Number of protein chains: 2
Amino acid sequence: MSRSKRKITINDIARLSGVSKKTVSRVINDSPKVRERTREKVMAVIEEHGYTPDPQARALALRRSSLIAMVYDNPSPQYVVTMLRGILDVLEGTSFQLVMKPVDRRSDSYRQDVLRFVEQQRIFGAIMPPSVSEDQELIDMVAGAGCRHVRIASVVLDTPENTVKTHDSDGAAQAARHLAELGHRRIAHIRGPKMFRSSHERLRGFKEVLVEYGIKLDSKLILEAGYTFDTGAQRATELLRMKNPPTAIFTGNDEMALGVYNAAQKAGIRIPDDLSVVGFDDTPIASRIWPNLSTVRLPIREMGKAAAELLIRDRQPARSSPLPYVSFSPSLVVRKSTAPPP
Amino acid sequence: MSRSKRKITINDIARLSGVSKKTVSRVINDSPKVRERTREKVMAVIEEHGYTPDPQARALALRRSSLIAMVYDNPSPQYVVTMLRGILDVLEGTSFQLVMKPVDRRSDSYRQDVLRFVEQQRIFGAIMPPSVSEDQELIDMVAGAGCRHVRIASVVLDTPENTVKTHDSDGAAQAARHLAELGHRRIAHIRGPKMFRSSHERLRGFKEVLVEYGIKLDSKLILEAGYTFDTGAQRATELLRMKNPPTAIFTGNDEMALGVYNAAQKAGIRIPDDLSVVGFDDTPIASRIWPNLSTVRLPIREMGKAAAELLIRDRQPARSSPLPYVSFSPSLVVRKSTAPPP
DNA sequence: AGGCTAGGGGAAACCGGTGTCATTTTCAAG
DNA sequence: CTTGAAAATGACACCGGTTTCCCCTAGCCT
């Protein structure tokens, strides 16, 4: 193979196949108005020389780059990397590339910052996992800049389009149902911060199951924490000190479940013998810690795939699958942290 | 602020400040051959309209994009995300963007794949953490394509340039010394796979300390595992079943240390009372698990920063700091998994 | 005062694609 | 064999920068 120093361009292809560069352009863009004979002739030359159009030049002409941005605000590293894999599963082989844009929603300039970024780089599309996906104002700004977007969200947001939904309430319901089936009746829930939609959804699913099993809701058993280890441990300590403590705790994420482990350890309470625990997320720690944590797993990689396909669907030559999914269900992973109540 | 629909270009600036576009180009590129008076005039117009040059156009003209790639093969998500933060700390405010390129070194087409990617996208520079950084052939290919690179590595590699070094052996030495100081004399080491340079470095630091404390090397106490939870647990089980088991185990990473926890748990051996454990990496799990794991922490974010600065140093207007660092030392984090031998 | 040198500045081409619109080809109908 | 309209193709400008090369001007020397 002759790897000459200069990259081969559309002009070379045009010259070599005896057509104008515009026709070559039509061929590589699958324009319908090219005669079959011509197309084949041009394609042959393209194949022969392994030509691929220059993304930069194309970006300039189209006033739109082939960059896809992942805009996120501090989800767990596991989440970020897994979703990234899913996205790249789809982008692989296309000319799209993934650029990372971590943001801090607490900063008040963050929307401006994202907007500048998107305009400056002429980003093709943005993928936004929670909690960025919940910022409707940002979404509007980004869309206004002519940048596509797909949101990952646990609920239907203000505008239902461009969203990959995760049925968080269902996941929570599976967790709660598992505990109820084991015979637990005093089940506590340590929920995440009210500012995250996911925490509402998970709480909702939890409550539904209580109703389903005719368990009376005890508001003292539903505490709010910050989705962190420390706050989780704190709330757990409070729960375990109650005169009539719960026999099971379902937490809004794994991080807080580990806090529960910690509190239980300190209080000399054994898991699962004295206390059952279920988390949410299936982080790697869940299967490393002892006893292995039962938890709810989200198909994050699949969600990333779906998001990417949604984003590029009408740009790239239609892929085989007809993009059937927009909604994903979590699954309960039962491990060793749950048992019948003592 | 007047956000007109059309973006302002170099032509607008040239017209408005009464000079040619080439002169504007000179100004934005800090060319020395512009009279001070002219520069100020042009800068004023640029400021007034908040003009920034279009990255795509510039990329086309320069035949070099402003994309920095992170090429990695499956380090821990924590590692990836933390390094990414460090890199973006530096890239923030520049026109550089970070694109992700996960690879699989076991695939035999992976070098070709990376090369195509780098050529196609005209990547400005690549940052390669271990173990990709250890693939000299890939490095050569990438460099040959006119793409800069910086490697993150635990040792001096074949070519010492463009490398951010981490003193892994020193970290291991700190860990071993801590155990020796506590009085341990039968100290085992579960090392990582021989194919990773880091595992050699860590072993080396470990051995140095044994010599330092006059502890005779017992080859049965040095086992190789796969840097994974399962293999770590396996080796630990073997160690604990010895007729004269070690009183302390230093593992090549945290993941394997968790395996040790698991094995100890199953064998009814208490940490740290019966067995001390030290890991390497300071993953989030280390401070979540019970008892908290003593481990060695790498300044990953700082390393990411250094790598990025190294990469773009002579392109961007010199930043304040004179890039003093190329080598980083880990630090031992003492937690609850270590105690004097029983 | 005239001539020389060097640096500031500009016109035009170029990077590698796409859009517009005119022109040529093709082919069915007359 | 025309004719005409639709289909296919091409010429050329343009996207927004940089590079090449040449000209102009100012300052210095003789």
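Residues numbered from 1 in each chain as written. Chains lettered and ligands numbered in written order. Predicted model: local features only at pLDDT ≥ 70, side-chain atom pairs only at ≥ 80, totals over all residues. Heavy atoms only, no water.

Chemist: Sorry, what's going on with the packing of aromatic side chains here?
Modeler: When we look at a pair of aromatic rings, we describe it by the centre distance and by the angle of the planes. Across all of its chains, the model carries 7 aromatic pairs over all chains by this definition. Ring geometry for B:Phe96 and B:Phe124: centres 4.8 Å apart, planes at 50°, overall tilted. Taken together, the positions of B:Phe96 in the loop between α5 (77-91) and β2 (97-102) and B:Phe124 in the loop between α6 (110-120) and β3 (125-128) put the pair 28 residues apart, joining distant regions of the chain. What makes B:Phe124 buried here is its relative accessible area of 4%. Taken together, a centroid distance of 5.8 Å and an interplanar angle of 25° make the contact between B:Phe196 and B:Tyr227 stacked. Placement of B:Phe196 in the loop between β6 (187-191) and α9 (197-212) and of B:Tyr227 in the loop between β7 (222-224) and α10 (229-241) is noted, with a sequence separation of 31 residues between them. Judged by relative accessible area, B:Phe196 falls into the partly exposed class, the value being 21%. Residue B:Tyr227 is classed as buried on the basis of its relative accessible area of 15%. Taken together, the ring pairs connect A:Phe206, A:Phe250 and A:Phe280 into an aromatic cluster. Cation over ring: A:Arg202 sits above A:Phe280, and NZ or CZ is 3.8 Å from the ring centre. (Phe/Tyr/Trp six-rings, centres within 6.5 Å; stacked < 30°, edge-to-face > 60°. Helix = DSSP H or I, 4+ residues; strand = E, 2+ residues; numbered from the N terminus. Buried < 20%, exposed > 50% of the residue type's maximum accessible area, 1.4 Å probe, protein only. Lys NZ or Arg CZ within 6 Å of the ring centre and 35° of its normal.)

Chemist: What is the right way to read the pattern of salt bridges from this model?
Modeler: For side chains bearing opposite charge, pairing can occur when the charged atoms are close. With the rule as written, the count across this model stands at 42 salt bridges over all chains. Residue B:Arg335 is joined to B:Asp282 by a salt bridge in which the shortest nitrogen-to-oxygen separation is 3.1 Å. Of the two residues, B:Arg335 is situated in the segment after β12 (331-333) and B:Asp282 in the loop between β9 (276-278) and β10 (295-297); the sequence distance between them amounts to 53 residues. Look at B:Arg335 and you get buried, because its relative accessible area is 18%. Salt bridges sharing common partners tie together A:Lys101, A:Asp113 and A:Arg116. (Salt bridge = Lys/Arg side-chain N within 4 Å of Asp/Glu carboxyl O.)

Chemist: What's the story with the sheet that holds β6(B) in this structure? I'm lost.
Modeler: All names here are of chain B. The 4 strands are arranged β7-β6-β8-β9 in an open sheet whose pairing can be described as parallel. The sheet is open, and its two edges are formed by β7 and β9, each paired on a single side. Neighbour-to-neighbour, the strand axes of this sheet turn through a mean angle of 20°, independent of strand direction. Both strand β8 (residues 248-251) and β9 contribute to a ladder of 3 bridges, which runs parallel. Each bridged residue has a counterpart across the sheet, and for Ile249 the counterpart in β9 is Val277. (Pairing = 2+ DSSP bridges. Axes fitted to C-alpha atoms, helices over the stretch in contact; angles between N-to-C directions.)

Chemist: Would you mind showing me how to read the domain arrangement of chain A here?
Modeler: Reports of interface size often rely on the accessible area that becomes lost once the parts have come together. One can read the domain layout of chain A as domain 1 (10-53), domain 2 (62-167 + 300-328) and domain 3 (168-297). In this structure, domain 1 of chain A and domain 2 of chain A have C-alpha centres spaced 33 Å apart. (Domains from an automatic or database assignment.)

Chemist: Would you mind going over the side chain of A:His189 with me for this structure?
Modeler: When you line up the elements, A:His189 lands in strand β6 (residues 187-191). Those residues in contact with A:His189, other than ones at most four positions away along the chain, are A:Arg202, A:Leu203, A:Phe206, A:Leu221, A:Ile222, A:Leu223, A:Phe250, A:Thr251 and A:Gly252. (Contact = heavy atoms within 4.5 Å.)

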